[in-house]
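Reading the structure
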Amino acid sequence: IDAMRTAPEGAVKLSIGSWTEGNRAVQEAANPDWNDKCPGKAQIATCVTPAESTGRNACFYIGSTIMNVNGANIIMDAAPYIKAGRTYVPVRYLGDALGATTAWDEATKTVTVTKGDNTVVLVIGSKTAKVNGADVAMDVAPEITGGRTMLPARYVAEGLGYAVGWNATLQQVVIQ
């Protein structure tokens, strides 16, 4: 069962019957032992929340201001786009989606994205990033578009220790 992280923790039950949702709730409230006595209902699984170390998953869609983080849709104020074969995403949303801290230095046009022991530093217009203090050459540079700082998703996500995938059919970047 894939609940896309929308189900609450606890028992996952399968109910078979002809009553309506409202009547079922009344029946359960009236008879607390109903769950055990009804042959049309059984616990089929237990929903657990993955440990924090499992990480986060984010999906960005080219041209869409809706991103998906751990199964929840979030509306952004800028849409990802492709330029020079790279996907650019709004840095603040990427950082938030991955549980990272994002800092902007207006004077130097520098973005610093930090998660745990990993730090990625990018400068607008520069094709050199610093990942954990080491220079990393990129084939594209971060830029400001429509007032939003846009970064190449792959370099930032991989610098923070995430795997990045591309679904050409859906025009989707998947970060895990």
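The sections below set out a description of the structure shown in this document. Only a predicted model underlies this, so the values are computations on that prediction, with no experimental measurement involved. (Residues numbered from 1 in each chain as written. Predicted model: local features only at pLDDT ≥ 70, side-chain atom pairs only at ≥ 80, totals over all residues. Heavy atoms only, no water.)

**Side note on the pattern of salt bridges**
Following the criterion strictly, the structure yields six salt bridges and no others. A salt bridge links Asp139 to Arg86, with the nearest nitrogen and oxygen atoms 3.0 Å apart. Linking Asp139 in the loop between β12 (134-137) and β13 (143-145) with Arg86 in strand β7 (residues 86-90), this pair joins segments that are 53 residues apart in sequence. In this structure, the salt-bridge partner of Glu106 is Lys109, at a minimum N-O distance of 2.3 Å. Exposure remark for Glu106: the relative accessible area of 46% places this residue in the partly exposed category. (Salt bridge = Lys/Arg side-chain N within 4 Å of Asp/Glu carboxyl O. Helix = DSSP H or I, 4+ residues; strand = E, 2+ residues; numbered from the N terminus. Buried < 20%, exposed > 50% of the residue type's maximum accessible area, 1.4 Å probe, protein only.)

**Overview of the sheet that holds β7**
With respect to topology, four strands assemble into an open sheet ordered β6-β7-β14-β13, the strand pairing being antiparallel. Strands at the two margins of the open sheet, each flanked by one partner only, are β6 (81-83) and β13. Taking the axes of each pair of neighbouring strands and ignoring which way they run, one obtains an average angle of 40° across the sheet. Where β7 meets strand β14 (residues 148-152), three bridges bridge the pair, whose relative direction is antiparallel. Counted as the bridge partner of Pro90 is Met150 from β14. (Pairing = 2+ DSSP bridges. Axes fitted to C-alpha atoms, helices over the stretch in contact; angles between N-to-C directions.)

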